[in-house]
Amino acid sequence: VDEQVDDSTSSKSSSSGTATVAEKSTASADNSKAATNDQKVEDKKEQAAKEIVQKVDDKKEQAAKEETKAAQKVDDKKVQAAKEAVKKVQAAKDAVQKVDVKKEHATTEVIQKVDVKKEQVAKEEAKAVQKVDDKKEEATKEVVQKVADKK
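It should be emphasised that the depicted structure is a prediction, and the values quoted were computed from it without experimental measurement.

Caption draft 1: Geometry of the overall build of the protein chain. Secondary structure assignment for the protein chain yields one helix and zero strands. Across the 151 residues of the protein chain, 0% fall into the buried class. As presented, the protein chain carries roughly 14,000 Å² of accessible surface, and 56% of it is formed by carbon and sulfur atoms.

See below:
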């Protein structure tokens, strides 16, 4: 009976020793799983952080592109406004040139009309002088004739 007790005790202790190894093995596996799970969580955190950084970088890049586009639109509008200003200045110059040409033409016409009038006046003056000279000559002839008649 004692032996049986001893056998049962030894069998218990050997089974309890086996259980201890099994428990250790299970605990080790659990720890390994926990470590693997911890690593997975860390990997997921790292991946999420990378994705967030990438999204922020993408948004910064997009904002920079939009800012560049906006600046380009402003520059394009400035160029367009400058071109329009140049066109307006050129149109004003053309208008002034047209006015100057019209003034020049009108001035030339006025000068020509004045010259024609002067010429007409000079001709009429010459006719009047000629008439006066003719009358003087006629009067002189008459006086000479009368003097000759008296002698």
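Caption draft 2: Quick look at the pattern of salt bridges. Taken as a whole and assessed by the stated rule, the structure comprises five salt bridges. In this structure, the salt-bridge partner of Glu119 is Lys123, at a minimum N-O distance of 4.0 Å. Note that Glu119 and Lys123 are positioned in helix H1 (residues 2-150) at a spacing of four residues, about one turn of the helix. Glu119 gets classed as partly exposed once you look at its relative accessible area, which sits at 47%. Residue classification places Lys123 among the exposed residues on the basis of a relative accessible area of 52%. With its nearest N and O atoms 3.7 Å apart, the salt bridge here joins Lys141 to Glu137. Remark: Glu137 and Lys141 occur in helix H1; sequence separation between them is four residues, near one turn of the helix. Looking at Lys141, the relative accessible area reads 54%, which means it is exposed. Taking the relative accessible area as the measure of exposure, Glu137 reaches 46% and is therefore partly exposed.

Caption draft 3: Inspection of a negative patch on the surface at higher detail. On the surface, Asp133, Asp134, Glu138 and Glu142 cluster together into a negatively charged patch. The topology assignment puts Glu138 in helix H1.

Caption draft 4: Just the confidence of the model for the protein chain, in detail. Residues of the protein chain with pLDDT of at least 70 account for 81%, and the chain-wide mean is 84. Across residues 5-16 the pLDDT falls below 50, and counting only partners more than four positions away or on other chains, this stretch makes one contact in the model.

So, how was this worked out
- Residues numbered from 1 in each chain as written.
- Predicted model: local features only at pLDDT ≥ 70, side-chain atom pairs only at ≥ 80, totals over all residues.
- Heavy atoms only, no water.
- Helix = DSSP H or I, 4+ residues; strand = E, 2+ residues; numbered from the N terminus.
- Buried < 20%, exposed > 50% of the residue type's maximum accessible area, 1.4 Å probe, protein only.
- Areas by Shrake-Rupley, 256 points an atom, 1.4 Å probe, with all protein chains shown as cover.
- Salt bridge = Lys/Arg side-chain N within 4 Å of Asp/Glu carboxyl O.
- Patch = residues over 30% accessible without salt bridge, like charges linked within 9 Å, V, L, I, M, F, W, Y side chains within 5 Å.
- Lys, Arg positive; Asp, Glu negative; His and termini not counted.
- Charge placed at Lys NZ, Arg CZ, Asp CG, Glu CD.
- pLDDT = per-residue confidence, 0-100.
- Contact = heavy atoms within 4.5 Å.

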